[in-house]
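Okay, here's what each chain looks like letter by letter:
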Amino acid sequence: MPKPIRMSRRAWVAAWAVLCAACLAATAKLNASSAPDPQPEKSVSAECSERIADIETQLAKAKQEGKGDGVLVFSRVQVGTEDDCRDDLRNHFRGDQ
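Every value quoted in this text rests on a predicted model; they were computed, and no experiment measured them. Chains are numbered independently. Their residues run from 1 in the order of the written sequence. The predicted nature of this model means local features are confined to residues of pLDDT at least 70 and side-chain atom pairs, given and counted, to a pLDDT of 80 or more, with totals for whole chains, interfaces and linings taken over all residues. Each side-chain value is worked out from all heavy atoms of the structure, with water and hydrogens disregarded.

Student: Got a minute to help me understand the overall build of the protein in this structure?
Tutor: Strands are runs of DSSP state E lasting at least two residues, helices are runs of H or I lasting at least four, and both sets are numbered from the N terminus onward. Scanning the protein from terminus to terminus reveals three helices and zero strands. When the helices and strands of the protein are read in sequence order from the N terminus, they spell out α-α-α. Evaluated residue by residue, the protein yields a buried proportion of 10% over its 97 residues. Any two residues having at least one pair of non-hydrogen atoms within 4.5 Å are treated as being in contact. Summarising the internal contacts of the protein: among those between residues at least 6 apart in sequence, 51% fall at separations of at least 24. Method for areas: the Shrake-Rupley scheme with a 1.4 Å probe, in which residue coverage is limited to the protein chains shown. Summing over all exposed atoms, the protein offers an accessible surface of approximately 9,000 Å²; the carbon and sulfur share of this is 57%. The rule is simple: take the accessible area with a 1.4 Å probe, protein chains only, and divide by the maximum for that residue type; under 20% is buried, over 50% is exposed, in between is partly exposed.

Structure (structure tokens):
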């Protein structure tokens with residue numbers, strides 16, 4: 001049976017220090033690379049685009065008449081359906097476009 005290789009305490013400490021440094025570097029790299037990807041911009045449906053254009057027209061007309069305080073907008077579609085323009089309206093007029 002071969003004799004085991006003996007290491008000094010300094011060698012063990014140095015090995016552990018190198019191992020810890022490598023693990024910290026790998027963890028930092030993984031954390032940096034796991035940043036969430038930006039979400040692709042969702043296209044607006046034709047019905048919502050038409051509704052937004054109509055509201056823009058109303059806003060322009062209100063500004064010409066000197067009533068540029070704003071317009072109250074409601075979504076026409078039932079809540080929970082795929083055609084609900086609520087989020088599109090909110091994003092467009094909040095300036096998130």
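Student: Hey, could you run me through the pattern of salt bridges in this one?
Tutor: Pairing between side chains becomes possible if they bear opposite charge and their charged atoms approach one another. A side-chain nitrogen of Lys or Arg and a carboxyl oxygen of Asp or Glu constitute a salt bridge if their distance falls within 4 Å. In total, this model carries one salt bridge according to the counting rule given. Measuring nitrogen to oxygen at the nearest pair gives 3.6 Å for the salt bridge that ties R51 to D54. Here R51 and its partner D54 are both found in helix α2 (residues 46-64), three residues apart, which amounts to about one turn of the helix. We classify R51 as buried; its relative accessible area is 16%.

Student: Would you take a moment to explain the confidence of the model for the protein for this structure?
Tutor: For the protein, mean pLDDT is 78; residues scoring 70 or higher make up 69% of the total. Mean pLDDT across the elements of the protein bottoms out in helix α3 (residues 86-94) (80) and peaks in helix α1 (residues 9-33) (92). For every residue, the pLDDT score states the predictor's confidence, bounded by 0 at the bottom and 100 at the top.

Student: Teacher, can you tell me more about the nonpolar core here?
Tutor: In globular proteins that are soluble, nonpolar side chains generally tend to be buried together. C48, I52, I55, C85 and L89 form the largest nonpolar core, which has five residues in total. Per-element tally for this core: the top contributor is α2, with three residues. Among residues more than four places away in sequence, those in contact with I52 are V44, D88, L89, H92 and F93. By convention a nonpolar core is built from buried Ala, Val, Leu, Ile, Met, Phe, Trp, Tyr and Cys residues, the set being connected through side-chain atoms within 4.5 Å.

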